[in-house]
Amino acid sequence: MNRVITYGTFDQFHIGHRRLLERAKSLGDYLIVGVTAEEYDVQRGKMNVVDSLMRRIDSVRDTGLADEIIVETHEGQKIEDIQKHGINIFVLGSDWRGMFDYLNEYCEVVYVERTKAISSSELRAKRMGIVKLGVVGTGRIAGRTMEELKYVSGVVTVSVYNPRLSSAMKFADSYEIPHSTECFDSFLGEVDAVYIASPHDTHYEYTRAALMAGKHVLCEKPMVLRASEARELFSLAEQSKLVLMEAIKTAYAPGFLSLLSIAKSGRTCK
Ligand code: C2G
């Protein structure tokens, strides 16, 4: 008996998902479908999933194709599932080709052709729009953020600003950003939200100008150098109903949050 496993978010369930499940089912006798947990999607950059986990599970169940449905909660679970459920075949769509070859050590890995012209990302974009992001500053941290942004859905970087145009152009070239400028006003005209990664002493001015222009702001730490400036900027953002965040990554890292909750529980080592 061939036991097959496949995974997905299955957000706004569509024909591409159904066809994937049909082909996965046809490869064996028993099909297990892993549906991603909300927290896991956020961790892997899917920030704007529309349907709840329950709804996505129901969509998969309603196809009648899954013999069993499980929830995928963490990185590394695929190997655990393959071993635990005695899986012979792992299936995903061709958009993932090559990414799961390492599972060949445990079972056969099959990539089936993805259905063209339909995707949850496009459905989400139609429904919610895409946030057009602009980057201020072109140093090492800004570059690292660009690398990570590739994995975040619902946002596209459209412009980069640096008072030195040659630096802005070089950065735009490296990260395929369509617009680069040394004029802050023209930069603001292109974007919905701004990520600020310039030298610390420039954060306050750029953040203030962006908020005044009605743009959401994510600013690298330290956002400002004086408490009074932070109070002013947060109150400006609140009045204008804009998001203002300081980019303190650790505060949102899952490992750090687990540490905090263990510390708060008062649990001690015996
Ligand atoms: N799919 C497809 N054709 C489409 C859209 C999606 O064949 N037009 C396939 C995908 O390749 C995937 C499955 O349908 O195999 C589920 O797609 P998503 O819900 O987008 O899931 P995804 O985010 O790709 O997660 O651990 C999760 C997995 O890595 C897959």
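Keep in mind that this is a model prediction, so the values were computed, not measured.

Student: Outline the nonpolar core, listing residues and values.
Tutor: Of all hydrophobic cores here, the largest spans 23 residues; its most connected members are Val 136, Val 194 and Leu 211. Among the elements of the structure, β7 (155–161), α8 (184–189), β9 (193–196), α9 (203–212), β10 (216–220) and α10 (227–239) are those that each provide at least two residues to this core. Excluding its chain neighbours within four sequence positions, the residues that come into contact with Val 194 are Leu 133, Gly 134, Val 136, Phe 187, Leu 188, Ala 210, Lys 215, His 216, Val 217 and Leu 218. Membership of the second largest hydrophobic core comes to 16 residues, among which are Leu 53, Leu 65, Val 110 and Val 112.

Student: Run through the site of the ligand, naming residues and quoting values.
Tutor: Around the ligand sit 21 residues in total, of which Lys 46, Glu 72, Asp 95, Trp 96 and Ile 118 are the nearest. Side-chain polar atom of Lys 46 to an oxygen atom of the ligand: 2.6 Å apart, as the coordinates give it. Coverage of the ligand by the protein chains reaches 96% of its 620 Å² of free accessible surface. Counting only elements with at least two residues in the shell around the ligand, the list comes to β1 (3–8), α1 (15–26) and β4 (89–93). Here the element with the most residues in the shell around the ligand is α1; it accounts for three residues. Residue classes in the shell around the ligand are distributed as seven nonpolar, eight polar and six charged.

Rules and cut-offs
Residues numbered from 1 in each chain as written. Predicted model: local features only at pLDDT ≥ 70, side-chain atom pairs only at ≥ 80, totals over all residues. Heavy atoms only, no water. Core = buried A, V, L, I, M, F, W, Y, C linked by side-chain atoms within 4.5 Å. Buried < 20%, exposed > 50% of the residue type's maximum accessible area, 1.4 Å probe, protein only. Helix = DSSP H or I, 4+ residues; strand = E, 2+ residues; numbered from the N terminus. Contact = heavy atoms within 4.5 Å. Near = heavy atom within 4 Å. Polar contact = N/O pair within 3.5 Å; in protein donor to acceptor, adjacent residues only side chain to side chain. Areas by Shrake-Rupley, 256 points an atom, 1.4 Å probe, with all protein chains shown as cover. Nonpolar A, V, L, I, M, F, W, Y, C, P; charged D, E, K, R; others polar.

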